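This is what each chain is made of:
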Amino acid sequence: MAGYGPGRPAAGIHDDLDARAIAISDGEKIVVLVALDLIGYFHDQVQQARSMIKAAQAEPKIDYVIICSTHTHAGPDTLGLWGASRLQTGVDQDYLARVQQKIVDVSRQAVANIKQAKLSVAQIDVADMVRDSRRPNVIDGKMTVMRAYESDDKTIATLVAFPCHPESMNAENKMIS
């Protein structure tokens with residue numbers, strides 16, 4: 001599992017990991033934002049996913065793809081830093097291939113489900129909810145929320161940006177979540 005140090009194999013699954021996507025368009029360009037329940041995703045992996053999306057494209061065309069990670073410490077090692085020892089990678093290439101395909105699939109699904117919407121954005125100070133256990137103490141104390149909704153006020157999607165280092169479960173946790 002990713003985070004906390006090498007040699008922490010998963011004992012089971014507490015929560016399924018997912019890839020979620022939202023497609024946003026101004027009527028001319030389409031941007032897809034994909035969020036992965038993973039510790040991280042390297043730039044070359046993002047570039048490969050973008051190439052796969054481009055190769056699989058049907059109309060309408062996706063113009064931009066942004067991929068981010070939740071940075072869970074309760075997921076698989078996708079960066080190669082947490083193998084059985086410090087000299088071994090923990091990356092499972094078959095798993096990464098499935099992640100890549102999932103990115104393509106959720107991106108196309110988001111575009112297929114795109115609909116007319118209104119957007120609202122709000123920001124709140126949440127600095128008192130987070131702390132930095134390392135020096136230097138660096139905190140981005142703002143949480144930003146974007147809501148896409150239909151004309152009848154029905155929510156289509158909610159996007160939350162909450163910049164924190166999510167270590168809510170400690171190194172003793174061996175369950176994927």
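None of these values were measured; they are calculated from a predicted model.

Conventions and cut-offs
- One numbering rule holds for all chains: residues counted from 1, following each sequence as written.
- In keeping with the predicted nature of the model, local features appear solely for residues at pLDDT of at least 70, side-chain atom pairs appear and are counted solely at 80 or more, and the whole-chain, interface and lining totals rest on all residues.
- Values reported for side chains reflect all heavy atoms of the structure, with hydrogen atoms and water molecules removed beforehand.
- Numbering of helices and strands starts at the N terminus; helices are DSSP runs of H or I of at least 4 residues and strands are runs of E of at least 2.
- By definition in these notes, contact holds between two residues if any of their heavy atoms fall within 4.5 Å.
- With residues, only the protein chains shown are counted as cover, and all accessible areas are computed by Shrake-Rupley using a 1.4 Å probe.
- All tallies of charge rest on Lys and Arg as positive and Asp and Glu as negative; His and the ends of each chain are not included.
- Just so you know, the charge point we use is NZ for Lys, CZ for Arg, CG for Asp and CD for Glu.
- As used in this record, nonpolar core signifies buried Ala, Val, Leu, Ile, Met, Phe, Trp, Tyr and Cys residues forming a set joined through side-chain atoms within 4.5 Å.
- Each residue is placed in one exposure class: buried if its accessible area under a 1.4 Å probe, protein chains only, is under 20% of its type's maximum, exposed if it is over 50%, and partly exposed if it falls in between.
- Take a side-chain nitrogen of Lys or Arg and a carboxyl oxygen of Asp or Glu: if they are within 4 Å of each other, that pair is a salt bridge.
- By the convention used here, strands pair only if DSSP detects at least 2 bridges between them.
- Where helices are involved, their axes are fitted lines through C-alpha atoms of the stretch in contact, as for all axes, and angles between N-to-C directions lie from 0 to 180°.
- For this analysis, a polar contact is any N or O atom pair within 3.5 Å, provided that within protein one partner can donate a hydrogen and the other can accept it, and provided that sequence-adjacent residues contribute only side-chain to side-chain pairs.

1. Digging into the overall build of the protein
- Along the backbone of the protein there are two helices and eight strands.
- For the protein, the C-alpha atoms occupy an extent of roughly 50 × 40 × 30 Å along the three principal directions.
- In the protein, once contacts between residues fewer than 6 apart in sequence are set aside, the share between residues at least 24 apart is 67%.
- Only carbon and sulfur atoms are counted for the fraction: they give 53% of the accessible area of the protein, which is about 11200 Å².
- If the 19 positive side-chain charges of the protein are averaged to one point and the 22 negative ones to another, these points end up 2 Å apart.

2. Quick word on the nonpolar core
- With 22 residues, the main nonpolar core has Val 32, Val 34, Leu 36, Tyr 41, Ile 67 and Ile 103 as its most contacted residues.
- Breaking this core down by element, the ones donating at least two residues are β2 (19-25), β3 (30-36), α1 (43-55), β4 (64-69) and α2 (93-112).
- For this core, the leading source of residues is α2, giving seven residues.
- Dropping the residues within four chain positions of it, Ile 103 is found in contact with Val 34, Leu 36, Tyr 41, Ala 49, Ile 53 and Ile 67.

3. Digging into the pattern of salt bridges
- Here the structure, examined in full by the defined rule, presents five salt bridges.
- The shortest N-O distance in the salt bridge between Asp 63 and Lys 61 comes to 2.7 Å.
- For Asp 153, the salt bridge is made with Arg 147, and the minimal N-O distance between the two is 3.2 Å.
- Using a relative accessible area of 47% as the deciding quantity, one classes Asp 153 as partly exposed.
- By relative accessible area, Arg 147 is classed as partly exposed at 21%.

4. Things to note about the sheet that holds β2
- Spatial strand order, β2-β3-β4: three strands in an open sheet with mixed pairing. If you trace the sheet from one side to the other, it starts and ends with β2 and β4, each paired once. Sheet twist, expressed as the average angle between the axes of neighbouring strands with direction ignored, equals 15 degrees.
- Pairing of β3 with β4, which is carried by six bridges, proceeds in the parallel orientation. Bridging from a neighbouring strand, Leu 36 pairs with Ser 69 of β4.
- Contacts from α2 reach β2, β3 and β4, with the element oriented near 35 degrees to β2.

5. Section: the environment of Ser 25
- Along the chain, Ser 25 falls in strand β2.
- The class for Ser 25 is partly exposed, based on a relative accessible area of 35%.
- Once you skip the residues sitting within four places of it in the chain, Ser 25 turns out to touch Ile 30 and Ile 114.
- A polar contact of 2.9 Å, which involves the side chain of Ser 25, links it to the backbone nitrogen of Gly 27.
- Here the side chain of Ser 25 touches Lys 29 through a polar contact of 3.0 Å, landing on its backbone oxygen.

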